[in-house]
Amino acid sequence: MFKKLANSNYITENKIRKLLDNRLFVSAKRNRKGELVVLVSNKFHENPFELYARRWNIECLFNKTKTKGFNMESTHITKP
């Protein structure tokens, strides 16, 4: 499906695919290493990889403040 996709380029399909009665939009990108990254969403996004990059930064922040670093739960703070 994405064999001819060049490195650092992406393609976003604007046609709806159906899987188990779910409407899905498929996007794919080859990173600099040539690895294929596929995103699937129930909404169409013009550039889903830009949106996902912002979301990934937020996920990493939460990860660092929880189990992979600061570990907020271990502080036992009850009154901010």
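Residues numbered from 1 in each chain as written. Predicted model: local features only at pLDDT ≥ 70, side-chain atom pairs only at ≥ 80, totals over all residues. Heavy atoms only, no water.

### Concerning the pairing of strand 3 (residues 22–30)
(1) Moving on: Where strand 1 (residues 10–12) lies against strand 3, three bridges are found, and the strand directions are antiparallel. Among the inter-strand pairings, Ile 11 is bridged to a residue of strand 3, identified as Ala 28.
(2) Moving on: Alignment of strand 2 (residues 17–19) against strand 3, held across three bridges, turns out to be antiparallel. Note on strand 3: the bridge partner recorded for Leu 19 is Asn 22.
(3) Moving on: Turn length for the strand 2-strand 3 hairpin, with the two strands adjacent in sequence and antiparallel, is two residues, and the turn residue Leu 20 shows positive phi of about 50°.
(4) Moving on: Where strand 3 hands over to strand 4 (residues 36–41), the hairpin turn is made up of five residues, of which Gly 34 adopts a positive phi near 90°. (Pairing = 2+ DSSP bridges. Helix = DSSP H or I, 4+ residues; strand = E, 2+ residues; numbered from the N terminus.)

### Quick notes on the environment of Gly 69
(1) Moving on: Within the element layout of this structure, Gly 69 appears in the segment after helix 1 (48–65).
(2) Moving on: Residues Gly 69 and Arg 55, spaced 14 residues apart in sequence, show a C-alpha to C-alpha distance of 19 Å.

### What about the packing of aromatic side chains?
(1) Moving on: Taken as a whole, this structure holds two aromatic pairs when the rule is applied.
(2) Moving on: Taking 6.3 Å as the distance between ring centres and 20° as the angle between the ring planes, the aromatic pair formed by Tyr 52 and Trp 56 counts as stacked. Of this pair, Tyr 52 and Trp 56 are both found in helix 1, four residues apart, which corresponds to roughly one turn of the helix.
(3) Moving on: The class for Trp 56 is partly exposed, based on a relative accessible area of 48%. (Phe/Tyr/Trp six-rings, centres within 6.5 Å; stacked < 30°, edge-to-face > 60°. Buried < 20%, exposed > 50% of the residue type's maximum accessible area, 1.4 Å probe, protein only.)

### Considerations on the side chain of Ser 27
(1) Moving on: On the secondary structure map, Ser 27 appears in strand 3.
(2) Moving on: Residue classification places Ser 27 among the buried residues on the basis of a relative accessible area of 4%.
(3) Moving on: Beyond its immediate sequence surroundings of up to four residues, Ser 27 is in contact with Ile 11, Thr 12, Val 37, Val 38, Leu 39, Pro 48 and Phe 49. (Contact = heavy atoms within 4.5 Å.)

### Some points on a nonpolar patch on the surface
(1) Moving on: A surface patch of nonpolar side chains, amounting to about 240 Å² of accessible area, comprises Leu 36, Val 38 and Val 40.
(2) Moving on: Among the structural elements, Val 40 can be located in strand 4.
(3) Moving on: Val 40 sits in the exposed class, given a relative accessible area of 51%. (Patch = residues over 30% accessible without salt bridge, like charges linked within 9 Å, V, L, I, M, F, W, Y side chains within 5 Å. Areas by Shrake-Rupley, 256 points an atom, 1.4 Å probe, with all protein chains shown as cover. Salt bridge = Lys/Arg side-chain N within 4 Å of Asp/Glu carboxyl O.)

### A short note on unusual backbone geometry
(1) Moving on: Residue Leu 20 is not a glycine yet carries a positive backbone phi of 50°.
(2) Moving on: Structurally, the position occupied by Leu 20 is in the loop between strand 2 and strand 3.
(3) Moving on: Backbone geometry places Asp 21, a non-glycine residue, at a positive phi of 65°.
(4) Moving on: In this structure, Asp 21 sits in the loop between strand 2 and strand 3.
(5) Moving on: Residue Asp 21 is classed as exposed on the basis of its relative accessible area, which comes to 71%.

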